[in-house]
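# Structure assessment
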Amino acid sequence: MAMNTRKGFRFSTYEAPEQTPFDKLFDIFQELITHTSGDFDEAIDWLRELDKEYELTDDEYTIDDFIEELKAKGYIQEEFDDDAAGGEGEEGDENGGKGNISITAKMERLIRQRALDQIFGKIKRSGSGNHKTGKSGQGDEHTGDLREYRYGDGLEHISMTESLKNAQINHGMGSFTLNEDDLVVEDTQHKAQMSTVLMIDISHSMILYGEDRITPAKKVAMALAELITTRYPKDTLDILVFGNDAWPIPIKDLPYLKVGPYHTNTVAGLQLAMDMLRRKRNTNKQIFMITDGKPSCLRLPDGSYYKNSVGLDEYIVEKCYNMARQARKLHIPITTFMIAQDAYLMQFIRHFTEANKGKAFFTGLQGLGEMIFEDYETNRRKRLK
């Protein structure tokens, strides 16, 4: 007698994966340490406040236990001041000396990876990390296609298996001979590099009116740095910040980036960006600029500053337009990401983008990372044809 079997789906209530007490706090801590620009003490103070309000811990696992586990896992380090401790070496602990706690390089890398995951999502890593140009020849990625040997082909590209097979067919097995006509080369794909400079505005307006604009900008910079170093390792990324002046910062310092009491010297940022790109050997170059304010500052030849925060100062903006034209002559497109909708700002960027023939995105704080990633990919495809 045949049995009736039921087919279908069985639904059950979703249960979130169980997190350890450390993992639960660690997710929150990573966000806090980004907002506090790497200040461990301030991040822990915020964590303790959140703990009071939301009861994140219990008697079995406290915030102090979490701090000790951060140390044990190598995410933070404590440095003791011998004078403050009242002695040398480990005696400082016994005498009540308190060290300064800071995050480690391991933690900095994790913050960049977190920013990448938050902004760009889970991105597949590629083996060598570069985009193809669509042109074959003496490149560095094998295509699987075979062709005859040509003068100038490197020995590393010769397919020995196919070449030996040709020699046996052409000359027989009795007296083995291998000559140039027997050689077969595996074709390769040209791959190109892109040099990018990311400019980040750290003028006071980035935290003005109670709106935190620097943290999203900082996350984008960290994500872009992680993206390029992992997915496109042969590309280069330089980062600079600009306020009254402009100066480069290393990738490892991104978590500690803070806004200063600065005006917006866009010209200084562009000058430094182009100086950086002039030193790059490859021909594909671009500038990304994240800003929320119109240019309001210039450094004069005598070292003094010319500042004007009212409207669009003709002297200042004309210097910016000249820089945009200069970048265009050097074939360096500038993509500007505006995180404000100020009328003067938009007017300036329209003229600036027209002078450079670049791109401009008027965006809020949401979506900034996705737009930069999208344009990074687009610029590569456009310039590598």
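Residues numbered from 1 in each chain as written. Predicted model: local features only at pLDDT ≥ 70, side-chain atom pairs only at ≥ 80, totals over all residues. Heavy atoms only, no water.

## Observations regarding the sheet that holds strand 7 (residues 236-242)
The strands that make up a sheet pair up through hydrogen bonds in the backbone, lying either parallel or antiparallel. Read from one edge to the other, the open sheet built from 6 strands follows the order 8-7-6-9-12-13, with strand pairing classed as mixed. Strand pairing shows two members of the sheet lacking a second neighbour, strand 8 (246-249) and strand 13 (359-362), which therefore form its edges. Strand-to-strand twist of the sheet, defined as the mean angle between neighbouring strand axes without regard to direction, takes the value 20°. Here 7 bridges tie strand 6 (residues 195-201) to strand 7, and the two strands are oriented parallel to one another. In the strand pairing of strand 7, Leu198 is matched with Ile239. (Pairing = 2+ DSSP bridges. Helix = DSSP H or I, 4+ residues; strand = E, 2+ residues; numbered from the N terminus. Axes fitted to C-alpha atoms, helices over the stretch in contact; angles between N-to-C directions.)

## Side note on the packing of helix 1 (residues 21-35) against helix 3 (residues 63-72)
Closest axis-to-axis distance for the helix 1/helix 3 pair is 11 Å, and the angle between their directions is 80°. Put simply, helix 1 runs roughly perpendicular to helix 3. Contacts from Phe22, Leu25, Phe26 and Phe29 in helix 1 reach Ile63, Phe66, Glu69 and Leu70 in helix 3. A breakdown of the residues in the contact of helix 1 with helix 3 according to their chemical character gives 7 nonpolar, no polar and 1 charged. (Parallel < 35°, antiparallel > 145°, perpendicular 65-115°, else oblique. Contact = heavy atoms within 4.5 Å. Nonpolar A, V, L, I, M, F, W, Y, C, P; charged D, E, K, R; others polar.)

## Quick notes on the packing of aromatic side chains
The final tally for this structure, using the stated rule, is 12 aromatic pairs. In this structure an aromatic cluster arises from ring pairing among Phe22, Phe26, Phe29, Phe40, Phe66 and Tyr75. Just above the ring of Phe22 sits the side chain of Lys73; from NZ or CZ to the centre is 5.0 Å. Against the face of Tyr75 rests Lys106, its NZ or CZ located 4.7 Å from the ring centre. (Phe/Tyr/Trp six-rings, centres within 6.5 Å; stacked < 30°, edge-to-face > 60°. Lys NZ or Arg CZ within 6 Å of the ring centre and 35° of its normal.)

## A short note on helix 2 (residues 40-54)
Over its 15 residues, helix 2 extends 21 Å from the first C-alpha to the last, a length consistent with the 21 Å expected when each residue adds 1.5 Å. Structurally, helix 2 contributes buried residues whose contacts are with helix 1, helix 3, strand 1 (76-79) and strand 2 (100-103). One side-chain oxygen of the residue at the start of helix 2 lies 3.2 Å from the amide nitrogen of Asp41, identifying that residue as Asp39. Positive backbone phi, at 50°, marks Glu55, one or two positions downstream of helix 2. (Expected span 1.5 Å × (residues − 1). Polar contact = N/O pair within 3.5 Å; in protein donor to acceptor, adjacent residues only side chain to side chain.)

## Notes on the pattern of salt bridges
This model, assessed by the stated rule, comprises 16 salt bridges. Linking Arg299 and Asp245 is a salt bridge whose minimum nitrogen-to-oxygen distance equals 3.2 Å. Of the two residues, Arg299 is situated in strand 10 (residues 297-299) and Asp245 in the loop between strand 7 and strand 8; the sequence distance between them amounts to 54 residues. Since its relative accessible area comes to 22%, Asp245 is described here as partly exposed. Put simply, Arg278 and Asp275 hold a salt bridge, and the shortest N to O gap is 2.7 Å. Pair noted here: Arg278 and Asp275 are both in helix 9 (residues 266-278), with a separation of 3 residues, about one helical turn. (Salt bridge = Lys/Arg side-chain N within 4 Å of Asp/Glu carboxyl O. Buried < 20%, exposed > 50% of the residue type's maximum accessible area, 1.4 Å probe, protein only.)

## Some words on helix 11 (residues 343-356)
Taking 1.5 Å of rise per residue, the 14 residues of helix 11 would be expected to cover 20 Å, and the 20 Å separating its terminal C-alpha atoms lies within 8% of that figure. Of the residues making up helix 11, those classed as buried are Leu345, Met346, Phe348, Ile349, Phe352, Thr353, Ala355 and Asn356. On its buried side, helix 11 packs onto helix 9, strand 9 (285-291), helix 10 (314-329), strand 12 (334-338) and strand 13. You can read the cap of helix 11 off the contacts: a side-chain oxygen lies 3.0 Å from the backbone nitrogen of Tyr344, and it is on Asp342. Just downstream of helix 11 lies Lys357, where phi reads positive at about 60°.

## Concerning the confidence of the model for the chain
If pLDDT is low for a region, its predicted coordinates should not be looked at in detail. Here the chain shows a mean pLDDT of 81. Residues at 70 or above account for 79%. Between residues 84-96, whose pLDDT stays under 50, and residues either more than four places distant or in other chains, the model counts 10 contacts. Scored below 50 in pLDDT, residues 122-143 makes 72 contacts in the model with residues more than four places away or belonging to other chains. (pLDDT = per-residue confidence, 0-100.)

## Things to note about the pairing of strand 12
Within a regular strand, side chains alternate between the sheet's two faces. Within strand 12, 5 of the 5 residues are buried, which leaves it mostly tucked inside the rest of the structure. Across the two faces of strand 12 the burial is the same, with Ile334, Thr336 and Met338 and Thr335 and Phe337 all buried. Here strand 9 pairs with strand 12 via 5 bridges, running parallel. Within strand 12, the position partnered with Ile290 by the bridge is Phe337. Bridge count for strand 12 against strand 13 is 4 bridges, and the pairing is parallel. Looking at the pairing, Met338 lines up with Phe362 of strand 13. Following the chain from strand 12 across helix 11 to the adjacent parallel strand 13, one finds a crossover that is right-handed. (Right-handed = clockwise from strand over helix to strand, strands pointing away.)

## Description of a nonpolar patch on the surface
A grouping of Met160, Leu164, Phe176 and Leu178 is seen on the molecular surface, where their side chains present a nonpolar patch of about 350 Å² in accessible area. Checked against the element boundaries, Leu164 lands in helix 7 (residues 160-171). Taking relative accessible area as the criterion, Leu164 reaches 34% and is therefore assigned partly exposed. (Patch = residues over 30% accessible without salt bridge, like charges linked within 9 Å, V, L, I, M, F, W, Y side chains within 5 Å. Areas by Shrake-Rupley, 256 points an atom, 1.4 Å probe, with all protein chains shown as cover.)

## Some details on the nonpolar core
In terms of nonpolar packing, the biggest core is built from 56 residues, with Phe29, Phe66, Leu70, Leu198, Ile200 and Ile290 touching the most fellow members. In contact with Phe66, not counting residues within four places along its chain, are Phe22, Leu25, Phe26, Phe29, Leu47 and Tyr61. Among the nonpolar cores identified, the runner-up in size contains 30 residues, and Leu277, Cys320, Phe348 and Phe352 belong to it. (Core = buried A, V, L, I, M, F, W, Y, C linked by side-chain atoms within 4.5 Å.)

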